[in-house]
Amino acid sequence: MANVVAIVGRPNVGKSTLFNRLIEKRKAIMDDESGVTRDRHYGYAEWIGKFFTVIDTGGYVTGSEDKFESEIRKQVELALEEATVILFMVDSHMGLTDLDKDFAKVIRTSKKPVLLVANKADTTERIHMAMEFYELGMGEVFPISSATGTGTGELLDEVVQHLEEGDKYTEEGIPKIAILGRPNVGKSSFLNALLGKERTIVTDEAGTTRDSINTRYKLYGKDFILTDTAGIRKKSRVKEDIEFYSVLRSIQALQDSDVCIFIIDAERGLEAQDMSIIGLAHKYNKGMMIMINKWDLIEKETNTAEQIRKDLVAKLGTLNYLPIIFTSVLKKQRIFQAIEKANEIYENRIRKISTSKLNELLLPEIEKNPPPATKGKYIKIKYITQLPIHTPTFAFFCNLPQYIKAPYERFLENKLRKHFDFEGVPIRLFFRKK
């Protein structure tokens, strides 16, 4: 990331609102409550032909005993290290505070270009009030309103003066892998273990992650975008607005992904809520795999893993094509295997099979076991082709498509899986009149 712009400041000054405005998406959760943003949050922006990465950070606080605020401080410090330009945001409505002064001392040690942004300056009076921030001795003050966009043009004109020419960022063709599951199963720990650094905050408290956090990741020369998500709980248990939006972001991450890694707590097993999330991914035709985490906490006998695998397959029913990997994120057992498997599933999802190969292998199977006759009419499947759709979708051309029933569809799906590697990927079948 050559050009990086970090938005930093104390809590509740409007950092996430500016972040959303710069990337032109409502990606970061915004709320009047202090401390909503916890992790570093990345997005991509462009201004007058220059492209850059924007980092949203949690509010910087000192002298607090709150475990989240100490972790947020670490995340802010990491963002300052990564930044090319720092936007130090203050609140023109509240005025200069002791915390702003303390944080200014921290920022001065970074030796990076710093632009002092006085937010919430949406009236002439507030713009005049913003002038008191010159007291910090950090150069020009940029009064803006991140909510309405007032003043952001002038700010960005100054930002791009400090940036190098860069190519447009593109995510096209890069596998997007979403890490999903119930709260506190180890999603953020998994991401941090893969990266070898604290990308997201991890605590024992359920609901630590709120936003869906995207990270570009390379393994064995292959590029991925990994998305850590908030834990998804039953609707009846979601009490706060913030958690409601966190769950929405997680579902959005699922919809945007190519492959979903469902992390399940080995001690709790596959629960009804896990099945709901898996069912949703199946509905959206996503690649899927199950990662059983905290395997190190299970007392094992000779066939423990095999027995648990059988039980899971039985619970999954028609979704029994999902690969299952037993891991311990804490001990870093098989975590890289999990990512390799996710990449294999991505390749399975985009695999294209020639019409000649399909007919050569499947038509003999169909002749051996033709569709059952209905109302005295025999169904003849003439040929098969794969449709040009991003997920594996096959059209079977036959004389009476309306008489083909679900059990025979499952038979055909199983034959496709037997001859071609579609592990972890839903297959769609259509029957057309020929």
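Read on for an overview of the structure.

Rules of the game
Residues numbered from 1 in each chain as written. Predicted model: local features only at pLDDT ≥ 70, side-chain atom pairs only at ≥ 80, totals over all residues. Heavy atoms only, no water. Helix = DSSP H or I, 4+ residues; strand = E, 2+ residues; numbered from the N terminus. Buried < 20%, exposed > 50% of the residue type's maximum accessible area, 1.4 Å probe, protein only. Contact = heavy atoms within 4.5 Å. Areas by Shrake-Rupley, 256 points an atom, 1.4 Å probe, with all protein chains shown as cover. Salt bridge = Lys/Arg side-chain N within 4 Å of Asp/Glu carboxyl O. Patch = residues over 30% accessible without salt bridge, like charges linked within 9 Å, V, L, I, M, F, W, Y side chains within 5 Å. Phe/Tyr/Trp six-rings, centres within 6.5 Å; stacked < 30°, edge-to-face > 60°. Lys NZ or Arg CZ within 6 Å of the ring centre and 35° of its normal. 1 Å grid on protein atoms, 1.4 Å probe; cavity = no way out; pocket = protein on both sides within 12 Å on 5 of 7 lines; lining within 4 Å. Points joined across faces, edges and corners; volume = space filled by probe spheres on them. Nonpolar A, V, L, I, M, F, W, Y, C, P; charged D, E, K, R; others polar. Pairing = 2+ DSSP bridges.

A word on the overall build of the chain. Across its full length, the chain holds twelve helices and 15 strands. Out of the 434 residues in the chain, the part that is buried amounts to 53%. Partitioning the intrachain contacts of the chain with sequence separation of at least 6 by distance along the chain shows that 69% fall at a separation of at least 24. When the accessible surface of the chain is totalled, it reaches about 20500 Å², and 49% of it is carbon and sulfur.

Summed over all chains, the structure comprises 14 salt bridges. A salt bridge links Arg10 to Asp100; the shortest N-O distance between them is 3.2 Å. Pair noted here: Arg10 is in the loop between β1 (4–9) and α1 (15–23) and Asp100 is in helix α3 (residues 98–108), with a separation of 90 residues, a long-range link. On the basis of relative accessible area, Asp100 is assigned to the buried category, the value being 1%. Lys341 is paired through a salt bridge with Glu344; the nearest N and O atoms lie 3.1 Å apart. Taken together, the residues span about one helical turn, with Lys341 and Glu344 both in helix α10 (residues 335–350) at a distance of three residues. Taken together, the shared-partner salt bridges in this structure form one network comprising Arg182, Arg268 and Glu271.

Once that is clear, we can look at a nonpolar patch on the surface. Side chains of Ile127, Met131 and Tyr134 sit close together on the surface and give an oily, nonpolar patch of about 250 Å² of accessible area. Within the element layout of this structure, Met131 appears in the loop between α4 (124–129) and β6 (141–143). For Met131, a relative accessible area of 35% translates into the label partly exposed.

As a further point, take unusual backbone geometry. In this structure, Asn285 takes a positive phi of about 60° despite not being glycine. One can find Asn285 in the loop between α8 (272–283) and β11 (287–293). Residue Lys332 is not a glycine yet carries a positive backbone phi of 60°. Looking at the secondary structure, you find Lys332 in the loop between β12 (324–326) and α10.

Checked against the element boundaries, Phe411 lands in helix α12 (residues 406–419). Along the backbone, Phe411 and Pro371 are 40 residues apart, and their C-alpha atoms lie at a distance of 9.6 Å. Discounting chain neighbours no more than four positions away, the residues touching Phe411 are Glu365 and Asn369.

Turning our attention to the packing of aromatic side chains. Here the structure, examined in full by the defined rule, presents six aromatic pairs. Cation over ring: Arg417 sits above Tyr321, and NZ or CZ is 3.9 Å from the ring centre.

For the rest of this paragraph, the subject is empty space enclosed by the protein. Enumeration over the complete set of coordinates arrives at one cavity of 30 Å³ or more. In terms of lining residues, the largest cavity is bounded by Leu180, Gly181, Phe262, Ile263, Ile264, Asp274, Ile277 and Ile278. At the level of secondary structure, the elements contributing two or more residues to the lining of the largest cavity comprise β7 (176–181), β10 (259–265) and α8. When grouped by side-chain class, the residues that make up the lining of the largest cavity number six nonpolar, one polar and one charged.

Moving on: the pairing of β1. The buried fraction of β1 is high, at six of six residues. Because side chains alternate across β1, one face comprises the buried residues Val4, Ala6 and Val8, and the other comprises Val5, Ile7 and Gly9, equally buried. Two elements, β1 and strand β3 (residues 50–56), share four bridges in a ladder whose sense is parallel. Bridging from a neighbouring strand, Ile7 pairs with Asp56 of β3. Pairing geometry for β1 and strand β4 (residues 85–91), over five bridges, is parallel. Paired with Val8 across the two strands is Phe88, which belongs to β4.

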